[in-house]
Amino acid sequence: KVIVIGAGISGLACARELMCHGYDVTVLEARERAGGRIVTDYSLGLDADHGCDLGGGWIHGVQRNPMTRLVERLKLTLHSTSGEIEMYGADGGRVDHALDERVEKEFNAVLDRLSKEKQAPSSSSKGKHSSSSSSSSSSLGDALTSYLAEKRANAA
């Protein structure tokens, strides 16, 4: 049995994947609705057929994002926002474009590394519910921590 905390898109996708692998899954959500930051608001003066989508309207990292495949499968329209887009941080100041590019490059390197580790055959996997102590069972957070530790060690 597995408990998934949060019924946003990631929590629901996780629950679905676990269920597909035979796990008994319970999803816990603090709000009175599922969807996380993805919600359509109909209270903005529009009629009942025309809401305003809040959150979740932007797919980050389109080329490697599974949401892109979902958009294609559902035959939805995807609009590119590539180019110069001003981004603002939590403090209200502009995010430095060069810093954003460096962060994106590092994050994609972590995703590439994790993907390669997941594709490598694991000698210790014994079944669909087994948990391996090898790096191929690491989470994105574990992979990021490991990647940053290696970068720091190589920089020293």
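Everything numeric here is computed off the predicted structure, so don't read it as measured data.

**Q** What am I meant to see in the overall build of the protein chain here?
**A** Within the protein chain, the regular secondary structure consists of four helices and four strands. The order of helices and strands in the protein chain, counted from the N terminus, is β-α-β-β-β-α-α-α. Within the protein chain, counting contacts between residues at least 6 apart in sequence, those at least 24 apart form 31% of the total.

**Q** Quick question: what am I supposed to make of a nonpolar patch on the surface here?
**A** The grouping of W58, I85, M87 and V95 at the surface amounts to a nonpolar patch, some 320 Å² of accessible area in total. Judged by its relative accessible area of 32%, M87 is partly exposed.

**Q** I'm lost on the confidence of the model for the protein chain in this one. Help?
**A** When pLDDT drops low, the exact placement of atoms in the prediction is not to be read closely. Across the protein chain, the average pLDDT comes to 79, with 85% of residues at 70 or higher. Contacts of residues 123-136 to residues separated by more than four positions or lying in other chains number 16 contacts, the stretch itself having pLDDT below 50.

**Q** I tried to follow the pairing of strand β2 (residues 25-28) on my own but got confused; where do I start?
**A** Regular strands place side chains that alternate from one sheet face to the opposite one. Relative to β2, strand β1 (residues 2-5) is paired through four bridges, and the arrangement is parallel. Across the sheet, residue I5 finds its bridge partner in β2, namely L28. Once the chain exits β1 it traverses helix α1 (residues 9-20) before rejoining the sheet at β2, and the crossover so formed is right-handed.

**Q** Help me out: how do you make sense of unusual backbone geometry in this one?
**A** In terms of backbone geometry, most residues other than glycine have negative phi values and most peptide bonds are trans. Notably, K75 is not glycine yet its phi reads approximately 55°, a positive angle. Take K75: its relative accessible area is 74%, and that puts it in the exposed class.

**Q** Would you mind going over the side chain of T68 with me for this structure?
**A** Of note, T68 is situated in helix α2 (residues 66-73). Of the residues examined, T68 reaches a relative accessible area of 8% and is grouped as buried. Ignoring anything within four residues of it in the chain, the contact list for T68 reads I59, V62 and L78.

**Q** Mind showing me how you'd approach the pattern of salt bridges here?
**A** Counted according to the given criterion, the structure contains three salt bridges. Its salt-bridge partner being E106, residue K151 comes within 3.2 Å of it at the nearest N-O pair. Separated by 45 residues along the polypeptide, K151 in helix α4 (residues 140-155) and E106 in helix α3 (residues 97-119) bring together distant segments of the chain. One salt bridge in this structure joins R113 and E150, with 2.7 Å as the shortest N-O distance. With R113 in helix α3 and E150 in helix α4, the pair connects residues that are 37 residues apart, well separated along the chain.

**Q** I would appreciate a short explanation of the environment of G57 in the present structure.
**A** With respect to the helices and strands, G57 occurs in the loop between β4 (52-54) and α2. Measuring from C-alpha to C-alpha, the distance between G57 and R37 comes to 9.7 Å, with 20 residues separating the pair along the chain.

**Q** Help me understand the environment of T26 in this model?
**A** Within the secondary structure, T26 sits in strand β2. The spacing of T26 and K1 is 25 residues in sequence and 7.9 Å in space, taken between C-alpha atoms. Discounting chain neighbours no more than four positions away, the residues touching T26 are V2, I3 and V4.

Rules and cut-offs
- Residues numbered from 1 in each chain as written.
- Predicted model: local features only at pLDDT ≥ 70, side-chain atom pairs only at ≥ 80, totals over all residues.
- Heavy atoms only, no water.
- Helix = DSSP H or I, 4+ residues; strand = E, 2+ residues; numbered from the N terminus.
- Contact = heavy atoms within 4.5 Å.
- Patch = residues over 30% accessible without salt bridge, like charges linked within 9 Å, V, L, I, M, F, W, Y side chains within 5 Å.
- Areas by Shrake-Rupley, 256 points an atom, 1.4 Å probe, with all protein chains shown as cover.
- Salt bridge = Lys/Arg side-chain N within 4 Å of Asp/Glu carboxyl O.
- Buried < 20%, exposed > 50% of the residue type's maximum accessible area, 1.4 Å probe, protein only.
- pLDDT = per-residue confidence, 0-100.
- Pairing = 2+ DSSP bridges.
- Right-handed = clockwise from strand over helix to strand, strands pointing away.

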